[in-house]
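Read off the chains here:
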2 protein chains.
Amino acid sequence: MKPMRSRHSVDTYTEGVLSGDRVLLGQAITLIESSLDSDQELAAAVLERILPATGKAFRMGITGVPGVGKSTFIDAFGSYLVAQGHTLGVLAVDPSSNLTQGSILGDKTRMERISHHPRVFVRPSPSGGSLGGVARKTRETMLLCEAAGFDMILVETVGVGQSETAVHDMVDFFLLLMLPNAGDELQGIKKGIMEMADGIFINKAEANAMDKARIAQAAYSQALRLFAPPASGWHPQVAMGSALNEVGLHTLYQWMLDFQQKTWQNGYWEINRQEQSIQWLKDTILHRLSHIFFESPAVKAHWEQTQAAVTNKEIPPVKAAQQLLRLWQEGYRQPGIDKPEGQGA
Amino acid sequence: MKPMRSRHSVDTYTEGVLSGDRVLLGQAITLIESSLDSDQELAAAVLERILPATGKAFRMGITGVPGVGKSTFIDAFGSYLVAQGHTLGVLAVDPSSNLTQGSILGDKTRMERISHHPRVFVRPSPSGGSLGGVARKTRETMLLCEAAGFDMILVETVGVGQSETAVHDMVDFFLLLMLPNAGDELQGIKKGIMEMADGIFINKAEANAMDKARIAQAAYSQALRLFAPPASGWHPQVAMGSALNEVGLHTLYQWMLDFQQKTWQNGYWEINRQEQSIQWLKDTILHRLSHIFFESPAVKAHWEQTQAAVTNKEIPPVKAAQQLLRLWQEGYRQPGIDKPEGQGA
């Protein structure tokens, strides 16, 4: 929880963000990231005001294993996008980051070209907290960036736990970066990631890695064909290139244009966005309900022993659940629903 | 909700099941499937009593697209297992089934060899209800079968919605049946299924489908190598064969033995079972909390308009969630936690 340097009125934040004032945009994001009750209220009011101005950007998620070259890629592809006339917001979801470590995006020295570009806004991952909390803040930051006029949003994730799913669920297009060594088990994509990808970019296809890259491209292309056709109507593509040498970036941009045209026409673009909003609503509710339940004194007092009893087969899981629910119901008074989602939520 | 034909004491059910009495086993399962409050209470008491006698079977999940030959496969592989000296319980999770349709397992004529075998117990999918309800009943039926002495449980799913995940989460080994036409998009495995498989069996590799089957085997083997090594330490295998001609069944059995030996030694077998129990506990709790919330009069009265407001960007999802939670909290009195999971749950 950082102390607020300056705190403005709802009008000031709103007008600042809508006029594209980068200082006020940054301060509004800090407000969203604060866990102070008063800040949360203010942030919610600002968010509601700017909501009609959101939704016009192309939202792209980017993931890949450590070492795949995400920072270099975002620097190169970001520069390419800016050269095409776009304005760019670069965000991250990294629940493992904290103030001392800093996320990849916090290391701006690795993104020399875009980190100080006047048409690019880079914001590191919110620090601390659960994935749910970090993802919520990034979602809301994305909306603020859109309201400030950025028409292209890149959301990076370092692939910790379920963070890819969280990012996938907030973007239009999900890009997976891979290394040119398919078949090598060390590559270790986590289960389900490849099947979420709208595109795979085999990075570092340079000099004597070209043969490996071609084999990888064929292997991933074939693997993608094994999956059912996606609801978007867009068939995931595989390309190879080099962010370092700026090779293959145009292909990715072409994918984005094709994807957008196709899904605007077939209606998937809007349907997906609406479903994402409803999913966000439901996720928030279930997250809060779960918090109310598991943080209640009655459940906390019995959780360890209930788990042990289930593990030791002393009580069937369903009966254990019923007992805990009864205990919770009896103890349920004022569960603090109104409290904001703080560091532990 | 079927009327109970006969209703016994907890002792009668318990002793009947533990002694392997098939009539009482069938009646105990009917009790579990009933949605009458009194039946649910009785079922819970029986379940608690038989619990120490459960857990000794090898639990195998089986899935595959329609047309892959699941009934023929289960008939052939079940006969093979019985010939190896095993006793077999065959269950199903099929939320789409109902009394008139009947699930695949309901069509016992397609499983001529095992359906009336004295050492095989076949139970069709519980009818009606949500996936959560159907999965719970199948889990509990599995426990009853184990208590009755069956040492091999096959749980089939027809692959509707999230039913593969539900089955995967209740078994030790998950087998995916495929047709010999890899690369053909009509095969259409749903996202994430292949990555859950501990083994893939390419069925119908007969006569002039052999070439295709070999290509499929190579393609799936390569695709599986792209994924991270599983926590079990067992590397998923791909085999081809023909259930109709009883080819390849011995390989599958060998996989099961190898898998069991490996995971007993490295501890994964027990850890996975314990994690499945805790997951079942948590799932049950979240399912009930969700039911309590979304079925409350306050939330039901506002859900449609809240969804519309979110979809139309009149209100941010997080704020909408807060409003609904406040309405629910105000209206929360006696949410009926004690009620069993009925048809709507």
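Residues numbered from 1 in each chain as written. Chains lettered and ligands numbered in written order. Predicted model: local features only at pLDDT ≥ 70, side-chain atom pairs only at ≥ 80, totals over all residues. Heavy atoms only, no water.

Tallying secondary structure elements over chain A gives 12 helices and 7 strands in all. Counting contacts in chain A only where the partners sit at least 6 residues apart, residues at least 24 apart contribute 77% of the total. Roughly 14,500 Å² of accessible area belongs to chain A as shown, and the carbon and sulfur atoms make up 52% of that amount. (Helix = DSSP H or I, 4+ residues; strand = E, 2+ residues; numbered from the N terminus. Contact = heavy atoms within 4.5 Å. Areas by Shrake-Rupley, 256 points an atom, 1.4 Å probe, with all protein chains shown as cover.)

All right, on to the relation of the copies chain A and chain B then. When chain A is brought onto chain B, the operation consists of a screw motion whose angular component is 180° and whose axial shift is 0.1 Å, with 0.1 Å RMSD remaining. Such values leave the two copies arranged in the relation of a two-fold axis. Looking at chain A, 99% of its interface residues are interface residues in chain B too, so the copies touch through the same face. (Least-squares fit on C-alpha atoms with pLDDT ≥ 70 in both.)

Helix length check: helix α11 (residues 297-311) of chain B (15 residues) gives 22 Å between terminal C-alpha atoms against 21 Å at 1.5 Å per residue, within 8%. Its maximal kink placed at Trp303 of chain B, α11 of chain B deviates by approximately 45°. If you check which residues of α11 of chain B are buried, you get Ala298, Val299, Trp303, Thr306, Gln307, Ala309 and Val310 of chain B. Against α10 (268-294) of chain A together with α10 (268-294) and α12 (317-331) of chain B lie the buried residues of α11 of chain B. Positive backbone phi, approximately 60°, marks Lys313 of chain B, located one or two places after α11 of chain B. (Expected span 1.5 Å × (residues − 1). Bend = angle between axes of the 7 residues up to and from the residue. Buried < 20%, exposed > 50% of the residue type's maximum accessible area, 1.4 Å probe, protein only.)

Here we take up the sheet that holds strand β5 (residues 173-178) of chain B. Pairing between the strands of a sheet comes from backbone hydrogen bonds, and it takes one of two forms, parallel or antiparallel. Residues and elements named next belong to chain B. Strand order in the open sheet formed by 7 strands is β3-β2-β4-β1-β5-β6-β7, with parallel pairing between adjacent strands. Since the sheet does not close on itself, it has two edges, and those belong to β3 (120-122) and β7 (237-240), each with one partner. For this sheet, the mean inter-axis angle between neighbouring strands, taken without regard to orientation, is 20°. Where strand β6 (residues 199-202) lies against β7, 4 bridges are found, and the strand directions are parallel. Within β7, the residue paired with Ile200 across the bridge is Val238. (Pairing = 2+ DSSP bridges. Axes fitted to C-alpha atoms, helices over the stretch in contact; angles between N-to-C directions.)

Looking now at the sheet that holds strand β2 (residues 88-93) of chain A. Residues and elements named next belong to chain A. Ordered in space as β3-β2-β4-β1-β5-β6-β7, the 7 strands form an open sheet in which the pairing is parallel. Looking at which strands have only one partner, the edges of the open sheet turn out to be β3 (120-122) and β7 (237-240). Going across the sheet, the axis of each strand differs from the next one's by a mean of 20°, ignoring polarity. Of the strand pairs in this sheet, strand β5 (residues 173-178) and strand β6 (residues 199-202) are connected by 4 bridges, and their pairing is parallel. In the strand pairing of β6, Leu177 is matched with Phe201. Relative to strand β4 (residues 152-157), helix α4 (residues 70-83) is tilted by about 175°, and along the sheet it contacts β1 (58-64), β2, β3, β4, β5 and β6. In the packing of helix α5 (residues 131-147) onto the sheet, the strands contacted are β1, β2, β3 and β4, and the crossing angle to β2 comes to about 175°.

The next point concerns the packing of helix α3 (residues 37-50) of chain B against helix α6 (residues 131-147) of chain B. Residue and element names in this part refer to chain B. Interaxial distance between α3 and α6 falls to 10 Å at its minimum, and their mutual angle equals 45°. Considering their axes alone, α3 and α6 lie oblique with respect to each other. When you trace α3 past α6, the crossing you get is left-handed. Residues Gln40, Val46, Leu47 and Ile50 of α3 touch α6, and the partners they reach there are Arg136, Glu140, Leu143, Leu144 and Ala147. Residue classes in the contact of α3 with α6 are distributed as 6 nonpolar, 1 polar and 2 charged. (Parallel < 35°, antiparallel > 145°, perpendicular 65-115°, else oblique. Left-handed = near helix turned anticlockwise from the far one by under 90°. Nonpolar A, V, L, I, M, F, W, Y, C, P; charged D, E, K, R; others polar.)

Residue and element names in this part refer to chain B. For α6, built from 17 residues, the straight-helix expectation of 24 Å at 1.5 Å per residue is met to within 8% by its first-to-last C-alpha distance of 24 Å. Of all 17 residues that make up α6, 15 are buried, and the element is covered over most of its length. A positive phi of about 105° marks Gly149, the residue just after α6.

We now examine the interface of chain A and chain B. Chain A puts 68 residues into the contact, and the matching count from chain B is 67 residues. One can count 2 salt bridges joining chain A with chain B. When the shortest N-O distance is used, the salt bridge between Lys319 of chain B and Glu48 of chain A registers 2.5 Å. Our count for the contact surface shared by chain A and chain B stands at 4 residue pairs in polar contact (both at pLDDT 80 or more). (Salt bridge = Lys/Arg side-chain N within 4 Å of Asp/Glu carboxyl O. Polar contact = N/O pair within 3.5 Å; in protein donor to acceptor, adjacent residues only side chain to side chain.)

Residues and elements named next belong to chain B. We note that Ala207 has phi near 35°; this positive angle belongs to a residue other than glycine. Structurally, Ala207 is set in the loop between β6 and α8 (210-225). A relative accessible area of 67% places Ala207 in the exposed class.

A word on the pairing of β6 of chain A. Residues Gly199 and Phe201 of chain A point to one face of β6 of chain A and Ile200 and Ile202 of chain A to the other, with burial holding for every one of them. Following the chain from β6 of chain A across helix α8 (residues 210-225) of chain A to the adjacent parallel β7 of chain A, one finds a crossover that is right-handed. (Right-handed = clockwise from strand over helix to strand, strands pointing away.)

Before going further, it helps to spend a moment on the confidence of the model for chain A. Residue and element names in this part refer to chain A. With 86% of its residues at a pLDDT of 70 or more, chain A shows a mean pLDDT of 86. The model gives residues 334-345 a pLDDT under 50, and that stretch makes 31 contacts with residues more than four places away or in other chains. The complex model carries a pTM of 0.76, and its ipTM stands at 0.79. (pLDDT = per-residue confidence, 0-100.)

Take the side chain of Thr263 of chain A next. Residue and element names in this part refer to chain A. Positionally, Thr263 belongs in helix α9 (residues 249-266). On the basis of relative accessibility, which here comes to 0%, the residue Thr263 falls in the buried class. Polar side-chain contacts of Thr263 include one of 2.8 Å to the backbone oxygen of Phe259. Non-local contacts of Thr263, meaning those with residues more than four positions away in its chain, are made with Ser232, Tyr268 and Trp269.

Residue and element names in this part refer to chain A. All told, the structure shown has 32 aromatic pairs over all chains when counted by the stated rule. With 6.4 Å between their ring centres and 70° between their planes, Phe58 and Phe259 make a pair best called edge-to-face. In this pair, Phe58 sits in strand β1 while Phe259 sits in helix α9, placing the two residues 201 residues apart along the sequence. Accessibility classification places Phe58 together with Phe259 in one group, the buried group. A ring pair is formed by Trp234 and Phe259, whose centres lie 6.0 Å apart and whose planes are at 80°; its orientation type is edge-to-face. Here Trp234 is found in the loop between α8 and β7, whereas its partner Phe259 is found in helix α9, with 25 residues between them in sequence. Each member of the pair Trp234 and Phe259 is classed as buried. (Phe/Tyr/Trp six-rings, centres within 6.5 Å; stacked < 30°, edge-to-face > 60°.)

This part covers the environment of Glu140 of chain B. With respect to the element layout, Glu140 of chain B can be found in helix α6. What makes Glu140 of chain B buried here is its relative accessible area of 5%. Residues contacting Glu140 of chain B, with those up to four places away along its chain left out, are Val318 of chain A together with Ile32, Leu47 and Trp280 of chain B.

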